[in-house]
Structures are given as C-alpha cells and as structure tokens.
Amino acid sequence: MSYPELLCPAGNFDKLKTAIFYGADAVYLGGTDLNLRAKTQGFDFDDLERALEFAHEKGVKVYFCLNLLALEHHLPTVEAYLHRLAPLQIDGLIIADPGIISLAQKVCPHIPIHLSTQANTSNSASVAFWRKMGIKRVNLARELGFKAIRAIATQVKYIELELFVHGAMCMAISGRCFLSAYMNERSANQGLCTHPCRFEYRPITFQVEEKTRPGKVLWEVIEQEEFSRLFSAEDLCLIKYLSWLKKVGIASLKIEGRMKTTSYLAQVVDVYKTALNALESKEFDLDIYLRELRNTSTRPLGSGFFLPQRKIFVSPLAKNEKKIILAQVVEQLDAHKWRVRVKEKWDRNLDVELVCPGLKRPVLKNSDYALEKENGEQISLVHPGLSAIFCTDHPLVTENIFIRLHRP
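Along every chain, residues carry numbers that run from 1 in the direction the sequence is written. In keeping with the model being predicted, local features are shown solely for residues with a pLDDT of at least 70 and side-chain atom pairs are shown and tallied solely at 80 or more, while totals for entire chains, interfaces and linings include all residues. Heavy atoms from the whole structure form the basis of all side-chain values; hydrogens and water molecules are not counted.

J.: Looking at this structure, I do not really get the side chain of Glu 353. What am I missing?
T.: As for its placement among the helices and strands, Glu 353 is situated in strand E17 (residues 352-355). Of note is the side chain of Glu 353, whose polar atom sits 3.0 Å from the side chain of Lys 323. In contact with Glu 353, not counting residues within four places along its chain, are Lys 323, Arg 361, Pro 362, Val 363, Phe 402, Ile 403, Arg 404, Leu 405, His 406 and Arg 407. Put simply, DSSP marks the helices as runs of H or I at least four residues long and the strands as runs of E at least two long, and each gets a number from the N terminus on. Within 3.5 Å is the distance limit for a polar contact, defined as a pair of N or O atoms, with the added protein rule that one can donate a hydrogen and the other accept it, and that residues adjacent in sequence qualify only through two side-chain atoms. Whether two residues touch is decided by their heavy atoms; if any such pair falls within 4.5 Å, the residues are in contact.

J.: Is there a simple way to think about unusual backbone geometry in this case?
T.: Negative phi values dominate among residues other than glycine, just as trans dominates among peptide bonds. Despite not being glycine, Asn 120 has its phi angle at roughly 60 degrees, a positive value. Relative to the assigned elements, Asn 120 resides in the loop between strand E5 (113-115) and helix H5 (124-132). Located in the positive-phi region is Lys 282, a residue other than glycine, with phi close to 60 degrees. Residue placement: Lys 282 occurs in the loop between helix H9 (262-281) and helix H10 (286-294). In this scheme, a residue with accessible area under 20% of its type's maximum is buried, one over 50% is exposed, and one in between is partly exposed, where area comes from a 1.4 Å probe on protein chains only. Judged by relative accessible area, which is 77%, Lys 282 ranks as exposed.

J.: I'm lost on the pairing of E17 in this one. Help?
T.: Sheet faces and side chains relate simply in a regular strand, where the side chains alternate between the two faces. Residue alternation in E17 divides its side chains into two sets, Val 352 and Leu 354 and Glu 353 and Val 355, and both sets are buried. At least two DSSP bridges between two strands are required for those strands to pair. Note that E17 and strand E18 (residues 363-364) share 2 bridges and pair antiparallel. Opposite Glu 353, over in E18, you have Val 363 as the bridge partner. Summarising the sheet, E17 and strand E22 (residues 402-405) pair through 4 bridges and their orientation is antiparallel. By the bridge assignment for E22, Glu 353 is matched with Arg 404.

J.: Sorry, what's going on with the sheet that holds strand E14 (residues 325-334) here?
T.: To summarise the sheet geometry, strands pair through backbone hydrogen bonds and adopt either a parallel or an antiparallel arrangement. Strand order across the open sheet formed by 7 strands is E18-E17-E22-E14-E15-E21-E19, with antiparallel pairing between neighbours. Edge positions in the open sheet fall to E18 and strand E19 (370-372), since each of these has one partner strand only. Taken together, the 5 bridges between strand E15 (residues 337-342) and strand E21 (residues 387-391) define a ladder with antiparallel strand orientation. The partner of Lys 337 across the bridge, within E21, is Cys 391.

J.: Explanation requested: the nonpolar core in the structure shown.
T.: Proteins that are soluble and globular tend to have nonpolar side chains buried together. Ranked by internal contacts, the top residues of the largest apolar core, which has 119 residues, are Leu 85 and Trp 346. Counting residues per element, this core draws most heavily on H9, which supplies 10 residues. Residues contacting Leu 85, with those up to four places away along its chain left out, are Phe 45, Leu 48, Phe 64, Leu 66, Ile 90, Leu 93 and Ile 111. In this text, buried Ala, Val, Leu, Ile, Met, Phe, Trp, Tyr and Cys residues form a nonpolar core when linked through side-chain atoms within 4.5 Å.

J.: In this structure, what is going on with the packing of H9 against H10? I would like to understand it.
T.: For any two helices packed against each other, the geometry comes down to the angle between their axes and how far apart the axes lie. The convention used is that axes are lines fitted to C-alpha atoms, helices contributing only their stretch in contact, and that angles between N-to-C directions extend from 0 to 180 degrees. Two elements in contact, H9 and H10, have axes whose closest approach is 9 Å; the angle formed by their N-to-C orientations is 170 degrees. Taken together, the axes of H9 and H10 are roughly antiparallel relative to one another. Where H9 approaches H10, its residues Gln 267, Val 268, Val 271, Tyr 272, Thr 274, Ala 275 and Ala 278 are matched on the opposing element by Tyr 289, Glu 292 and Leu 293. Of the residues in the contact of H9 with H10, the class split is 7 nonpolar, 2 polar and 1 charged. Here roughly perpendicular refers to angles of 65 to 115 degrees, roughly parallel to angles under 35, roughly antiparallel to angles over 145, and oblique to all remaining angles. In this count, Pro and Cys sit with the nonpolar residues alongside Ala, Val, Leu, Ile, Met, Phe, Trp and Tyr, while Asp, Glu, Lys and Arg are called charged and the others, Gly among them, polar.

J.: Even after reading the chapter, I still don't get helix H3 (residues 75-85), so can you show me in this structure?
T.: Along an α-helix, residues three or four positions apart point the same way, because every turn accommodates 3.6 residues. For H3, the full list of buried residues reads Val 78, Tyr 81, Leu 82 and Leu 85. All buried residues of H3 lie within an arc of 100 degrees about the axis, which places them on one face of the element. Away from its buried face by more than 90 degrees, H3 exposes Pro 76 and Arg 84. Structurally, H3 contributes buried residues whose contacts are with helix H2 (45-57), strand E3 (61-65), strand E4 (92-95) and helix H4 (98-107). Directions pointing from the helix axis toward each C-beta atom define the arc.

J.: Just to check I follow, could you spell out the packing of aromatic side chains for this structure?
T.: The description of two aromatic rings rests on the distance between their centres and on the angle between their planes. Stacked, edge-to-face and tilted are the three classes for Phe, Tyr and Trp ring pairs, Trp counted by its six-membered ring, which pair at centre distances within 6.5 Å; planes under 30 degrees apart are stacked, over 60 edge-to-face, the rest tilted. Applying the stated criterion to the full structure yields 15 aromatic pairs. An angle of 75 degrees between the planes, with centres 5.0 Å apart, marks the rings of Phe 284 and Tyr 289 as edge-to-face. In our convention, an over-ring charge means Lys NZ or Arg CZ found within 6 Å of a ring centre and within 35 degrees of that ring's normal. Directly above the ring of Tyr 264 sits Lys 260, whose terminal nitrogen or CZ lies 4.8 Å from the centroid. A cation over a ring is seen here: Arg 348 above Tyr 369, with NZ or CZ 4.9 Å from the ring centre.

J.: I keep staring at the environment of Tyr 272 and nothing clicks. Help me out?
T.: Along the chain, the position of Tyr 272 falls in helix H9. Exposure remark for Tyr 272: the relative accessible area of 1% places this residue in the buried category. Taking the C-alpha atoms as reference points, Tyr 272 and Ser 122, separated by 150 residues in sequence, lie 25 Å from one another. Apart from residues no more than four positions distant in its own chain, Tyr 272 is found in contact with Leu 6, Val 165, His 166, Cys 237, Leu 238, Ile 239, Leu 242, Ile 255 and Leu 293. Separated by 2.9 Å, the side chains of Tyr 272 and His 166 make a polar contact.

J.: What should I look at first to understand the pattern of salt bridges in this one?
T.: Opposite charge on two side chains makes pairing possible when the charged atoms of those side chains draw close. When a carboxyl oxygen of Asp or Glu is within 4 Å of a side-chain nitrogen of Lys or Arg, the pair counts as a salt bridge. With the rule as written, the count across this model stands at 21 salt bridges. Between Glu 280 and Lys 246 there is a salt bridge; the shortest N-O distance is 2.2 Å. Of this pair, Glu 280 sits in helix H9 while Lys 246 sits in helix H8 (residues 242-248), placing them 34 residues apart in sequence. Accessibility expressed as a relative area gives 53% for Glu 280, which makes it exposed. Residue class for Lys 246 comes out partly exposed when judged on its relative accessible area of 29%. The closest approach of N and O atoms between Glu 331 and Arg 339, which form a salt bridge, is 2.4 Å. Residue Glu 331 is classed as partly exposed on the basis of its relative accessible area, which comes to 35%. Through salt bridges with shared partners, a single network forms among Asp 270, Glu 292, Lys 323, Glu 353, Arg 361 and Arg 404.

Have a look at this one:
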C-alpha cells in the first residue's frame with residue numbers, strides 16, 4: 001500500500017467489516033472501556049482476536065485505542081489491560097496520556113505507539129520530542145491550518161504524521177472538554193462524553209462589559225423564543241485537499257466516527273477511498289464526492305481550521321431529500337436471492353440504488369427486484385429491524401453492500 005493510508009473507525013465488528021469492504025487500509029477500535037468512545041459497543045478480547053484475524057486476512061491494519069486521559073485509579077486497570085493486549089498481533093496502540101505511554105512501553109515494547117489527537121501536538125518541536133520518546137506516529141492537533149501542517153511536515157523526518165480529514169469537530173481544544181463532566185458528571189476525557197455541545201439551548205438577555213473597556217458591550221446574548229444548537233460546530237471535510245495532503249507527506253488520513261452507523265461509514269469510506277484512487281488515475285471529481293457526502297451529513301461540512309477563513313462546502317439535505325439506506329445484504333442464499341437486514345421502512349414499489357465500492361450506484365427499478373419472506377411469500381412492505389429476501393439478478397449484488405432509496 002502506498003501512502004496516504006485511509007484510517008477508518010470501527011465501533012463494533014459489523015462496522016469493522018463494513019469499513020474494510022469499502023476500502024479501509026487500516027481501522028481503529030477500542031475495548032469496552034479505557035478509550036474515548038467508552039459508550040460504543042467496542043471489542044471484548046474474544047471479539048478483538050476475531051477482528052485482528054479478519055482484518056489481517058484482508059491486509060488491513062488494526063490500531064487499538066487506549067486514549068483516555070487517565071486518573072490515578074485507572075492505572076492498575078490500564079496495566080492489566082496492556083498485559084492482555086501484549087500477545088495479540090495489534091499493529092499500533094493509540095495513546096494520549098504520557099503515563100499510559102510509559103506503561104505500554106514497559107508491558108508491550110513490541111507494539112508501536114501512535115500519539116492521539118488528545119495530546120494536542122501543534123508544532124515540530126513537540127513532534128520531535130515524541131519521536132525521542134519512542135512514538136512512531138503523531139496525530140496532529142485539529143486546530144492546525146494548512147501552513148502549520150506543511151511547516152511541521154517539512155521539518156520533521158522519520159516519524160509518521162496522521163491527520164483527521166472527515167467527521168465531527170469538538171468545540172474544545174483537541175477534544176479536552178469539561179462540559180459533559182460539569183453538566184452530567186461524565187467526563188469526555190475518560191470516554192464518557194454526553195455531547196452537550198449538540199444540545200439545544202435558549203439564550204437569555206445577558207451583557208458583559210470588560211474592565212478596561214468601560215461603556216462598551218463586549219459580549220451580548222439576546223433572548224430568543226426557540227432553542228438552538230449554538231455550541232455545535234460544523235463537521236470537518238478535507239476531501240478537496242487530498243492531493244495536497246499526499247504531496248506534503250501525511251502518512252495517514254483519519255475518518256472520525258466510531259459512534260456513527262454502518263451505513264454512514266460505508267458511504268463516507270467509499271467516497272474517500274474512491275477519491276484517493278482517483279488521485280493516481282487523475283480522474284478526481286470533487287463535485288461527485290461532495291454530492292455523495294452531503295447525503296450522509298447532519299451538519300454542514302466545512303474546512304475547520306485548515307483554511308485561514310472557514311469555508312462551508314455543503315449543507316445537509318433535508319430528510320425527505322436524502323437517499324436513505326434501506327437495507328444491507330448479509331448473506332447469499334442462491335444465485336438470485338439474498339438475505340437483507342432492513343434498516344428503514346422499505347416499500348417494494350420504490351426504485352433503489354446499490355451502494356457498491358468505487359462509487360458505483362446502479363439503479364434498480366421496482367420491476368428489477370422482489371421482496372420475499374423466508375417462506376418465499378412475496379411482500380410489498382418491510383419494516384426496520386426485520387430480515388427479508390431480496391430477489392434480483394443484478395451482477396453487482398454481493399454480501400455487505402447497502403441498498404438505498406433512489407431519488408432522481
């Protein structure tokens with residue numbers, strides 16, 4: 001594999017399989033605790049061994065997250081965890097806390113350590129420091145603009161740099177937020193964030209005057225009738241700059257989203273993998289990629305801190321405009337029949353699209369397929385959470401692909 005690596009989230013085993021099917025070069029995942037997505041399903045040790053075997057058979061690397069900012073009482077549990085990880089064929093440990101780094105180097109000296117974005121690495125001197133500490137890869141702070149990224153990449157050698165290119169942004173510096181701990185006694189820095197920045201708030205009238213600026217209102221909050229998500233940042237989307245990131249020498253491009261759905265993951269990974277492949281063939285088509293990503297977004301997609309002035313690339317579609325994912329193919333039954341897991345109400349009279357890797361989106365008219373019960377009885381409507389038999393002779397149908405509503 002040539003750089004840059006496409007690094008994708010895997011919140012559970014289904015998401016891991018989805019990410020790999022749609023083109024991930026590497027996945028990052030965590031256990032059931034001790035990471036910054038402690039409320040995801042995660043991987044117990046049996047699941048982790050199965051995930052490692054599955055990913056490695058596909059030539060995909062697996063990085064394990066131990067990226068909480070540990071309190072004293074966490075340390076014995078962390079050390080015990082590391083002893084259980086030591087014999088496994090993990091390709092890297094993602095860590096932010098210097099104490100956990102030290103424990104990992106003592107217990108698992110053979111496993112490379114990747115520095116988490118939580119460490120807030122924002123200059124070349126810090127990268128050089130972490131290299132001396134034995135770190136193999138550094139995820140640069142999300143607060144950096146392209147000039148700072150280029151300056152660091154130019155000055156730092158013999159260490160891999162990783163960068164988030166897509167997904168949710170945090171209002172706090174490198175994710176170090178205290179809102180959740182203050183409001184709900186669940187610390188984001190121990191992986192228990194309740195995402196209060198996404199809550200809805202209603203401002204009330206409030207004015208602030210700074211001491212050295214008498215008579216001048218510095219900040220003003222004005223009462224409104226409706227609640228709004230006034231702390232919620234737009235999502236990051238750097239697909240336009242993949243060629244630049246490759247040229248600068250970023251080793252790994254990371255997609256955020258261990259808590260996102262499998263259908264979201266499939267579509268986003270497919271877009272980024274297709275775009276990266278298109279850099280080689282010089283068939284890069286930004287408009288197609290942004291249209292596809294817009295279909296997955298719930299917040300505006302923008303440049304974050306990458307550009308000197310923030311730029312919004314696309315705004316999310318209304319729900320009645322989206323190509324909603326209807327089902328995922330889970331098993332082939334015979335040459336023309338497939339068991340599907342239904343995710344949204346599926347009306348048999350609808351035209352649908354197959355979500356195939358490489359941004360292939362063939363349309364099936366309602367006359368091109370049928371839906372059946374397990375006993376072979378034809379049905380016209382299937383509800384989410386159920387299984388059905390999808391009958392078609394389309395050659396691109398295969399296990400793992402998603403089926404979505406077609407909108408002309």
